[in-house]
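Here is what each chain is made of, one letter per residue.
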Amino acid sequence: MTSLNSQFDQVFARIHKAEQASDREGQVKLLAVSKTKPANMIAEAWQLGQRDFGENYVQEAVDKITQLSRLKGLVWHFIGPIQSNKTRDIASHFHWVHSVDRFKIAQRLNDQRPEKLPPLNICLQVNISQEESKSGVTLAELPELAVAVSQLPRLRLRGLMAIPAPQAEQSKQRAPFKKVADALESINREHHLTMDTLSMGMTGDLEAAIAEGATMVRIGTALFGARSHKE
Ligand SMILES: *Cc1c(COP(=O)(O)O)cnc(C)c1O
């Protein structure tokens, strides 16, 4: 067994155990975060059956997406900060964007989504614990943004994403995830939306995220090893 194979097995074991602990078996999708990792590593993961990959840097991602276009069934998720001048590349190469945090960006993605492609799946990034990275809409501003994005025809609002400040203890990790899960439920109810995705949980906190209802965990380090540059 290759080391990539055993790292995927270990991550699936963690996910499965956390799902069982919350009676949520089969409800969590693994998004493999491949930023800074070469295309051949993604191809190796594809051979193991992985289909969903997350990328943070537009040019690096577009290069890999182009190189790997012969692989069937790949689903590309953009999860990094979004600059206005990159929205066209994102709208034309990705299936999902998890990091939308203002209407202007959503509007551009909508307008630039190619007609031949289905609507782009969107998660709104919520700034839940005043993380230093200033990305993310506040909880106060979230409902209005969600309603506005849900009305853009070339986008499909799927849910919420969050990156809480790192905490070592699982007991402390859960509270911010719960806030995101509660926000999704209350916005769906009050505004008659049908968001179905909670993109939350990384290598250090996937158990806490799953306990609070994550439907997609974004895992890099535990699958591909530490990243050596750019961060
Ligand atoms: C890098 C990154 C991840 C993966 O983090 P790990 O701790 O390596 O699992 C997840 N989500 C986002 C938004 C990231 O930028």
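These remarks concern the structure in this document.

Thresholds, definitions, all that
Residues numbered from 1 in each chain as written. Predicted model: local features only at pLDDT ≥ 70, side-chain atom pairs only at ≥ 80, totals over all residues. Heavy atoms only, no water. Helix = DSSP H or I, 4+ residues; strand = E, 2+ residues; numbered from the N terminus. Rg over C-alpha atoms; globule rule 2.2 N^0.38 Å. Buried < 20%, exposed > 50% of the residue type's maximum accessible area, 1.4 Å probe, protein only. Contact = heavy atoms within 4.5 Å. Areas by Shrake-Rupley, 256 points an atom, 1.4 Å probe, with all protein chains shown as cover. Near = heavy atom within 4 Å. Polar contact = N/O pair within 3.5 Å; in protein donor to acceptor, adjacent residues only side chain to side chain. Core = buried A, V, L, I, M, F, W, Y, C linked by side-chain atoms within 4.5 Å. Salt bridge = Lys/Arg side-chain N within 4 Å of Asp/Glu carboxyl O. Phe/Tyr/Trp six-rings, centres within 6.5 Å; stacked < 30°, edge-to-face > 60°. Pairing = 2+ DSSP bridges. Right-handed = clockwise from strand over helix to strand, strands pointing away.

We now examine the overall build of the chain. Scanning the chain from N- to C-terminus turns up 9 helices and 8 strands. Here the C-alpha radius of gyration of the chain, 17 Å, is about what a compact globule of 231 residues would show, namely 17 Å. Taken over the C-alpha atoms alone, the chain extends approximately 50 × 40 × 30 Å along its principal axes. Here the chain holds 231 residues, and 51% of them are scored as buried. Of all intrachain contacts in the chain linking residues separated by at least 6 positions in sequence, the fraction that spans at least 24 positions is 59%. Summed over its atoms, the accessible surface of the chain is roughly 11,200 Å², and 50% of this surface lies on carbon and sulfur atoms.

Taken together, V33, K35, N56, I79, I163, M202, T203, R218, I219, G220, T221 and R227 make up the full set of residues adjacent to the ligand. At 2.5 Å, a side-chain N or O of T221 approaches an oxygen atom of the ligand. One nitrogen or oxygen atom from the side chain of R227 is found 2.8 Å from an oxygen atom belonging to the ligand. Coverage of the ligand by the protein amounts to 90% of the 390 Å² it exposes when considered alone.

Another aspect to go through is the nonpolar core. Of all hydrophobic cores here, the largest spans 65 residues; its most connected members are V97, L109, I122, L124, L160 and V217. Examining the composition of this core, we find that 6 residues originate from one element, helix α7 (residues 170-191), more than from any other. Look past the residues within four positions of V217 in its chain and what remains in contact with it is I15, V28, K29, L30, L31, M200, G201, L206 and I210. One finds V75, W96, C123 and M216 within the second-largest nonpolar core, a separate group that totals 8 residues.

Let us now look at the pattern of salt bridges. Pairs can form between side chains of opposite charge once their charged atoms are near each other. Scanning the model with the defined rule gives 9 salt bridges in all. Where E60 meets K64, a salt bridge forms, and the shortest distance between an N and an O atom there is 2.7 Å. Within this pair, E60 and its partner K64 are both found in helix α3 (residues 58-67), separated by 4 residues, close to a single helical turn. On the accessibility criterion, K64 (5% relative accessible area) is buried. Sharing partners across several salt bridges, the network here consists of E55, E60 and K64.

Turning our attention to the packing of aromatic side chains. For the coordinates displayed, the defined rule picks out 4 aromatic pairs. Between the aromatic rings of F8 and F224, the centroid separation amounts to 6.1 Å while the plane-to-plane angle is 80°, which identifies the pairing as edge-to-face. You can see F8 sitting in helix α1 (residues 3-21) and its partner F224 sitting in helix α9 (residues 221-224), a full 216 residues away along the chain. Residue F224 is classed as buried on the basis of its relative accessible area, which comes to 5%. Centroid distance F78 to F94: 5.4 Å. Interplanar angle 80°. Geometry classified as edge-to-face.

We now examine the pairing of strand β4 (residues 96-100). On any regular strand, side chains alternate: one points to one face of the sheet, the next to the other face. β4 sits mainly inside the fold: 5 of its 5 residues count as buried. As paired strands, strand β3 (residues 75-78) and β4 are joined by 2 bridges and run parallel to one another. Note on β4: the bridge partner recorded for F78 is V97. Read from β3 through helix α4 (residues 87-93) to β4, the crossover connection turns out right-handed. As judged from the 3 bridges shared by β4 and strand β5 (residues 120-126), these two strands associate in the parallel manner.

Read these as spatial facts, not as claims about activity.
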